[in-house]
Amino acid sequence: MSVLGNNFKCCVTCAYYEVRRRPKISFVEFDSGCKGKCYKTFPQGVPRDPRTSCSQWEIWPPIKR
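Model, not experiment: these values are computed from the prediction. (Residues numbered from 1 in each chain as written. Predicted model: local features only at pLDDT ≥ 70, side-chain atom pairs only at ≥ 80, totals over all residues. Heavy atoms only, no water.)

**As for the side chain of E29**
- Here E29 is to be found in strand β4 (residues 27-30).
- Excluding residues that lie within four positions of it along the chain, E29 makes contacts with M1, S2, V3, R21, R22 and K24. (Helix = DSSP H or I, 4+ residues; strand = E, 2+ residues; numbered from the N terminus. Contact = heavy atoms within 4.5 Å.)

Structure, rendered in structure tokens:
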């Protein structure tokens, strides 16, 4: 498992990203080998790596502090 803090502006810490992940206070725990889907501008979702950065990023509420 990998862990990233809420200060990293990448898919796995974004509100519009769907992947299996667990909030840990101000961190997120996730499997870095699993791709998820971004739903920000694509209603059907588009595959993205968890560490991809994006200019439309918004923090995932469970890790917001």
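**Regarding the environment of F8**
- Relative to the assigned elements, F8 resides in the loop between β1 (2-5) and β2 (17-18).
- F8 gets classed as partly exposed once you look at its relative accessible area, which sits at 43%.
- As for F8 and F27, which are separated by 19 residues in sequence, their C-alpha atoms are 9.5 Å apart.
- If we ignore the near neighbours within four places in the chain, the residues touching F8 are T13 and W57. (Buried < 20%, exposed > 50% of the residue type's maximum accessible area, 1.4 Å probe, protein only.)

**Focus: the pairing of strand β3 (residues 21-24)**
- By the bridge criterion, four bridges tie β3 to β4 in an arrangement that is antiparallel. Paired with P23 across the bridge in β4 is V28.
- Hairpin geometry of β3 and β4 is characterised by an intervening segment of two residues between the two adjacent antiparallel strands and by a positive phi of about 60° at I25. (Pairing = 2+ DSSP bridges.)

**Some points on unusual backbone geometry**
- A positive phi is found at I25, a non-glycine position, where the angle reads about 60°.
- Relative to the assigned elements, I25 resides in the loop between β3 and β4.
- Given the relative accessible area of 61%, I25 is considered exposed.

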